[in-house]
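# Report on the structure
In case you want the letters, here they are:
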Amino acid sequence: MNSENLLLLLILLPFAGSALAALLPANARNTEAWLSGCITITAFAIVVYLYPSISAGEILRNEIEWLPGSDLNFTLRMDGFAWMFSILVTGIGFLVVLYARYYMSPEDPVPRFFSFLLAFAGAMQGIVISGNLILLAIFWELTSIFSFLLIGYWHHNTAARDGARMSLIVTGTGGLCLLAGLVLLGYITDSYDLDHVLAAGNTIREHELYVPVLVLILLGALTKSAQFPFHFWLPNAMAAPTPVSAYLHSATMVKAGVFLLTRLWPVLSGTDEWFLLLGLAGMSSLLLSAYFAIFQQDLKGLLAYSTISHLGLITTLLSFGSPLAAVAAIFHMLNHATFKASLFMAAGIIDHEAGTRDMRKLSGLFSFMPITATLAMVASAAMAGVPLLNGFLSKEMFFSETLGQHSGSVLDSVLPYAATLAGAFSVTYSIRFIHTVFFGPKPLGLPREPHEPPHWMRRPIEFLVLACLIIGIVPGITIGPYLHTAVTSVLREYTPLYSLAVWHGINTPLIMSMTALIGGALLYLMLQNYLAQSEDGPPGIRQLKGQRIFERSLVTLSWRWARWMEDTFGTQRLQPQLFLVIFIALIAGCWPFLGTDPAFNLESTTGMDPAFAVLWGIGIACALGAAYQAKYHRLAALILMGGAGLVTCITFVWFSAPDLAVTQLLVEIVTTVLILLGLRWLPKRMEQIDDATTLIARTRRLRDFVLAVSCGGGMTLIAYTIMTNAELPETIAGFFLERAYSEGGGSNVVNVILVDFRGFDTFGEITVLGIVALTVYALLRRFRPAPDSIEIPEQQRIQNDFDDRHPNRKVGETVHDYLMVPAVLMQWMFPFIILLAVYFFLRGHDLPGGGFAAGITLAIGLLLQYLASDTRWVEDRLRILPVRWIGLGLLLAALTGMGSWLFGFPFLTSHSTYLEIPLIGKIPVATALFFDLGVLLLVVGATALMLIAIAHQSIRSHRARAIESAKTQEDD
Amino acid sequence: MKLSPEHLVIAPILIPLIAGALQLFLDDRGRKLKASLSILSTVALLAVSVLLLRLTHTDNEATGGRIAVYLLGNWPPPFAINLVLDRLSAMMLVLTATLALSALIFSLGRWHKAGVHFHTLFLLLLMGLNGAFLTGDLFNLFVFFEVMLAASYGLVLHGSGLLRIKAGLHYIAINLVASLLFLVGVALIYGVTGTLNMADLAIRISQISEANHMMLESGAAILSVAFLIKAGMWPLSFWLPATYAAAPAPSAAIFAIMSKVGIYVLLRLALLFFGNDPDFPDSPGAQILLYGGLATIGFGTVGVLASQTLGRFAGFSVLISSGTLLTSIGLVQTEVTAGALFYLVSSTLAISALFMLIELVERGQNMAASVLAVTMEAFGYQDEEMEDEEIVGVAIPRTIAVLGTCFAACAILLIGLPPLSGFVAKFVILSALFSPDITSQMDIIPATSWWFMALLILSGLATLIAMSRSGIHTFWVLPVDTMLPRVLFIEILPIAALLCATLVLTIQAGPVMRFMEATATSLHTPQPYIEGVMNAPRAAPPQSIEVAE
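Residues numbered from 1 in each chain as written. Chains lettered and ligands numbered in written order. Predicted model: local features only at pLDDT ≥ 70, side-chain atom pairs only at ≥ 80, totals over all residues. Heavy atoms only, no water.

## With respect to the packing of aromatic side chains
- Scanning all chains against the criterion turns up 62 aromatic pairs over all chains.
- Ring centres of Phe133 of chain B and Tyr264 of chain B lie 5.0 Å apart, and the angle between their planes is 85°; on these two criteria the pair is classed as edge-to-face. Here the residue Phe133 of chain B occupies a position in helix 4 (residues 118–134), and Tyr264 of chain B occupies one in helix 10 (residues 249–274), the gap between them amounting to 131 residues.
- Here the aromatic cluster, defined as three or more aromatic residues joined through ring pairs, consists of Tyr291, Phe292, Phe295, Tyr305, Phe425 and Tyr530 of chain A.
- A cation over a ring is seen here: Arg101 of chain A above Tyr102 of chain A, with NZ or CZ 4.8 Å from the ring centre.
- Between Arg703 of chain A and the ring centre of Phe579 of chain A, over which it is positioned, the NZ or CZ distance is 3.9 Å. (Phe/Tyr/Trp six-rings, centres within 6.5 Å; stacked < 30°, edge-to-face > 60°. Helix = DSSP H or I, 4+ residues; strand = E, 2+ residues; numbered from the N terminus. Lys NZ or Arg CZ within 6 Å of the ring centre and 35° of its normal.)

## As for the packing of helix 18 (residues 370–384) of chain A against helix 19 (residues 390–402) of chain A
Residue and element names in this part refer to chain A.
- The contact between helix 18 and helix 19 brings their axes to 6 Å, and the two run at 5°. Our classification of the angle between helix 18 and helix 19 gives roughly parallel. On the side of helix 18, the interface is formed by Ala382, Met383 and Ala384, while helix 19 contributes Asn390, Gly391, Phe392 and Lys395.
- Here the residues of the contact of helix 18 with helix 19 are counted per class, giving 4 nonpolar, 2 polar and 1 charged. (Axes fitted to C-alpha atoms, helices over the stretch in contact; angles between N-to-C directions. Parallel < 35°, antiparallel > 145°, perpendicular 65-115°, else oblique. Contact = heavy atoms within 4.5 Å. Nonpolar A, V, L, I, M, F, W, Y, C, P; charged D, E, K, R; others polar.)

## Concerning the side chain of His117 of chain B
- Looking at the secondary structure, you find His117 of chain B in the loop between helix 3 (87–107) and helix 4.
- If near-sequence neighbours (up to four positions away) are discounted, His117 of chain B is found in contact with Leu774, Tyr777 and Val883 of chain A together with Leu24 and Asp28 of chain B.

## A short note on unusual backbone geometry
- For the bond running from Phe228 of chain A to Pro229 of chain A, omega is 5°, close enough to zero to count as cis.
- In this fold, Pro229 of chain A is placed in the loop between helix 10 (210–224) and helix 11 (233–236).
- The linkage connecting Trp234 of chain B with the following residue, Pro235 of chain B, adopts the cis geometry, with an omega of 0°.
- By secondary structure assignment, the location of Pro235 of chain B is in the loop between helix 8 (210–231) and helix 9 (239–246).
- The backbone of Asp190 of chain A shows a phi angle near 70°, a positive value even though the residue is not glycine.
- Tracing the backbone shows Asp190 of chain A in the loop between helix 7 (158–189) and helix 8 (194–198).
- A positive phi is found at Asn74 of chain B, a non-glycine position, where the angle reads about 60°.
- Here Asn74 of chain B is to be found in the loop between strand 1 (68–71) and strand 2 (82–85).

## Things to note about the interface of chain A and chain B
- The partner chain B presents 153 residues to the 133 residues of chain A that form the contact.
- Both sides together, the interface formed by chain A and chain B hides about 12700 Å², and carbon and sulfur atoms give 73% of it.
- Among the residues of chain A in contact with chain B, Trp559, Phe760 and Trp901 of chain A are the three that bury the most area, contributing 6% of the side total.
- Linking chain A with chain B are 2 salt bridges. (Buried area = accessible area lost by both parts, 1.4 Å probe. Salt bridge = Lys/Arg side-chain N within 4 Å of Asp/Glu carboxyl O.)

## Comments concerning helix 32 (residues 749–757) of chain A
- Turning to helix 32 of chain A, its buried residues are Asn751, Val752, Val755, Asp756 and Phe757 of chain A. Within helix 32 of chain A, the buried residues cover an arc of 160° as seen down the axis, which keeps them to one side. (Buried < 20%, exposed > 50% of the residue type's maximum accessible area, 1.4 Å probe, protein only. Arc of directions from axis to C-beta.)

## Comments concerning a nonpolar patch on the surface
Residue and element names in this part refer to chain A.
- There is a patch of nonpolar side chains on the surface, built from Leu388, Leu466, Ile470, Ile473, Val474 and Ile477 and spanning about 550 Å² of accessible area.
- By residue number, the principal contributor to the nonpolar patch is helix 21 (residues 455–473), which donates 3 residues.
- Position of Ile477 relative to the elements: it lies in helix 22 (residues 475–478).
- In this structure Ile477 comes out as exposed when scored by relative accessible area, which is 70%. (Patch = residues over 30% accessible without salt bridge, like charges linked within 9 Å, V, L, I, M, F, W, Y side chains within 5 Å. Areas by Shrake-Rupley, 256 points an atom, 1.4 Å probe, with all protein chains shown as cover.)

## Some remarks on the domain arrangement of chain A
Residues and elements named next belong to chain A.
- Taken domain by domain, chain A holds domain 1 (1–264), domain 2 (271–539) and domain 3 (756–971).
- Each of domain 1 and domain 2 was reduced to a C-alpha centroid, and the two centroids are 23 Å apart.
- Domain 1 puts 48 residues into the contact, and the matching count from domain 2 is 49 residues.
- Carbon and sulfur atoms supply 77% of the area that domain 1 and domain 2 bury against each other, a total of about 4200 Å² over both sides.
- Our count for the contact surface shared by domain 1 and domain 2 stands at 0 salt bridges. (Domains from an automatic or database assignment.)

## Re the side chain of Asp79 of chain A
Residue and element names in this part refer to chain A.
- Mapped onto the fold, Asp79 is located in the loop between strand 2 (72–78) and helix 4 (80–103).
- With relative accessibility at 1%, the residue Asp79 sits in the buried group.
- Here Arg77 takes part through its side chain, which lies 3.2 Å from a polar atom of the side chain of Asp79.
- Non-local contacts of Asp79, meaning those with residues more than four positions away in its chain, are made with Ile54, Ile59, Arg263 and Ser489. (Polar contact = N/O pair within 3.5 Å; in protein donor to acceptor, adjacent residues only side chain to side chain.)

## Overview of the pattern of salt bridges
All names here are of chain A.
- The full count for this structure, using the stated rule, is 20 salt bridges over all chains.
- Salt-bridge contacts for Asp704 lead to Arg703; the nearest nitrogen and oxygen are separated by 3.1 Å.
- Asp704 sits in the partly exposed class, given a relative accessible area of 34%.
- Bridged by salt links that share partners, the residues Arg61, Glu63, Arg77, Asp79, Asp193, Asp195 and Arg263 form one connected network.

Written out as structure tokens, the structure reads:
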């Protein structure tokens, strides 16, 4: 297989394994381990196999086109540095899988664990070999997600949940910033391709956006690498199972941050901003975390702070911007991964076998687990920087780098001292780790009797510790060539001369190392007794916890402030919303006229007929009255609205639009009656409204009034202007007038427009009517009358009282009889109304009328029947199925429209002719007539359905009343 | 019968109408029959939509794509109504049909039994949506808006209940006002231009006199208010989270596209009417979309954080999505529009899936437990001492595992994290904002680009915080002591399908974005659309009459 495909395989293998692992049963611990082990070792083998071409200075690439338009491609790229990290990811990955097999309890549901672990390994591998910056950001965020899931693996544990959430939020935020930074970087260099970006160092550093880009990228890298001030998530992430900590929080994920910094080091470093921002973060992390680590009581807490501190060391080295410092940084990444992973595993063994990680409880474990203790001691020594171990080498390089000149400020002179101090601290916590746990008196009250772990659980540590030793003693011939491959791939032509020898003679760095060793040991002796009993955390600032500050600000920001802002800038009440909508509409309608001279064409008012003016005066008065009465006198308001409607209707007649007039009249009748029937069920008037008279309420009403008047006035003006528009354009209306008869086959242009020219609108509108009817029915079917509206209306009560007082009358007779005469009339009218409807329908295409008018007429006939007698009486005699009528109407209209397909014309194309019918004579028949019939059916059905829905409320209220009275009787 | 592909254009309107009407003849108790009919017609709808999408495709990517014009009643344009199918409308049709099919399958679990006429209302809602996407006539658009809204009133109230009725009536009240504004706006525009056909309007608007232009602007502004209410721009959007949260799950799932109808219309009309005007990006209209969109993202972000229930959270996510799209439209740049179209598809799929998922998740909980109260305790940190508890993991029941995976996928989509399409969508918008083509025209990166970028990231962050908060609460804290929700396979299937669709969208991002870019280009250069409509031929007109031009 060629190397391009192998690169792809490196990514695909872990993800495929992850999917497979998730599907295995919950107790398949061994299968899971075998699967994960095979995958990680295969990946490792692939990486090793690629070494010859890498060491030859080749850059392996595999580019798969993905989103070429935005320059985002699935580009994999491996150079020496990526190769070195790949070895870490796959190699330590394999060791961790081996370790986890023994660490995880047989009862643990491990498929989830191994699945997430493999997916994480895949994502991490992705970061390392991404050849496209955006692809790198993608894998970057994936590691955040999987690390969240891994930390929260024991999610029944509060600490695990909190730690997981915190790490997700911190690193996720960093990732989003990183994405923004990389997008900007791509903007500067005009490409997201890593090779392209790496070649554009000077352009980037000189660009005006350099600082924003740097800040955003640093936010991403520093959150990931848990650098001060974003370090606090890492100690909390220690709630994860130890294999996770060993893998993610020592060797891989936290290294992603420094990996990225190194990757971009050639193009971003070397400026003052870079040195200051990165140097400050690095030095603070190095020093503070080393200090904090001393005072941890949790073994893993100590290691977590130590990790932050060592990453701070790497960050500081990178901040210097000198090639030698970069070499040291790369070397220390490698060394730290080896000794820290083994230390985490050792801590896990202690926890596993002794049952606690609290250093106040642990002591004297050397006699119980001598081999583990020895391994841990070597690894700790590497961490402390003891000579002949790998930690010593990179630390020496660090010390010598701090001696150089970097910014020429006071920082330069402080650096060596700070570095030595941090070195001393790390010696202190390393000694503490070993001395407290393995030496001293035998432990008391441990949850379990400690003993050596299974042999295979220790193997990974043995291997790593061996690596520490070998690298530490003979660095030049072991790690040398590999390190050099990595270094040259980053630094290229700037690769400096460096030597990995153990002994460089007695020089300043060596003196600094010795000072740190001795100082650290002394410090431990001084603090030993205090630490044996002290609480967790450094003295003095124990209360000042990053975690606590984070949580508190998160609650304040994301909860209190958010809720306050939501309340301030939003509302859930209807009235303010409607006010806003109308207010904004008013502004929107007015702004084009702002600053212009309002010139209204008032000439056309002169020729106005006085009778018409009076008519409109009445109409306006009715409308105003309706609005005025609407709140408390619904009946009056309704009647006044009817009045306004009638005036509109007469206006249509006045302007020779009989069609509109007929329709308007019929619609007015139906809506008024339906609302009248519904009025009965509306809630009662509230006599007293608490704050009706306060100043605020009055102001609010005044405000609403002003808005209403402005809107009404505005509408009037706009309508007036449009109607008197002098520059009236040529409208499509002319076409309709011209073609209605010749092509539409009807002399009633309005009807032709409705059923032919714009028949599709009618088609939609009847659908709306049908939907509304169905909705009303669906809503009212479940509706139960409100308690305050089930009692018998006052009028009926008076009538029943009258019956009561007269011995010859039965209760209910008056109610039944009082509409006797109109009721008989209404019943007799029914056939005539039907006839009228038929008449309207047939003549519609040429004269005022049509399906809609006919339908409403028919519906009025039905309505009158319901009014004349009670619901049951009508329904016993007249069985209409309104829902079917609606369906039929819709289908008929649709089928008529589709009929024209038969002749190869589009939907709703009409054809008209005259038909000779005996007795009646010649009547115009257009295909539109069938369409109109559909309209008729639907209108009848919809109106009837709503009518029935409302009418049935009274039947319900009888029942409700009966239940109510039965209840009160029981209570009595 | 001669059924040329031409008639296929109207099929997305007729199929749901006929199926919905047929439902009215079936007894409510025969649910299986009703359900089969609905499923059948929705599948047909999906098939037709995909066919139509392919119809608009041309091999030559540079041209504006094919436009199909359907002249209703065989009247010549611009006098009567016509339907216009182009890339954008075809894309919206496919999206609608996809959401519809999944929401419908979901509803078969239990929701379609919660009240009468669910199937009819649902199908007619589809008719309204499809009609709104297809029509080329401004008043006909109003009619289809009404069809859609009327059906949505019924669907929001479906299943009844006090909360639903209250939110539903608020929704109805606001939307009735919006409809009124729509009508006023259309009347004003007709009053000064004398036409209703969109393409004809585009021509006449450029020739209009100075005095009438003010009136036209006024009409367009009032019309826009109606669309902005529908799209949910702050401060016209307060009804939206409450309504969407209260609506039954399948309704909410299809409502996810309803707010996009407002966006669709704004995008189409703004660019059609003013796209040729070089000053349009600086006009107050575009500026309002831009800043209003930014404010909407901000408000959505705040709301997402302040939400105590998942339903409201999802409602505010709709606002974030709307705000992002409005801002993108307001920027009036082809590249950004292309990114926004991708975002539209991705976020609509995600939100729709989320609405269905929420109902399943909350099914097992009682109301009090599912209300999240973020106090100091809820945020942990009380444990100073290490917990020496026995550390053995808890196996997650299969149902919870599946729901949790879907929830995580929704979260990833909404936050904009990889590997799903939410990330790609956000990236293409960001990348377009800072593409050298755009900035080179202006020399500097405009401040609005920075604001947009900041808000995109902040809204993602807020979603991350809110989703991790409630996700942990729901899946890691609660399952220990709550009953397992009873979830049917057919309820989880549509959610999974929608999420898979986003995965496909991610993997096929290249071709999809090419399509979106072509769509955006044709939107920004509307001339072929206008000419296509105005020159649409009639089907063999009666011989006696010549077509007047």
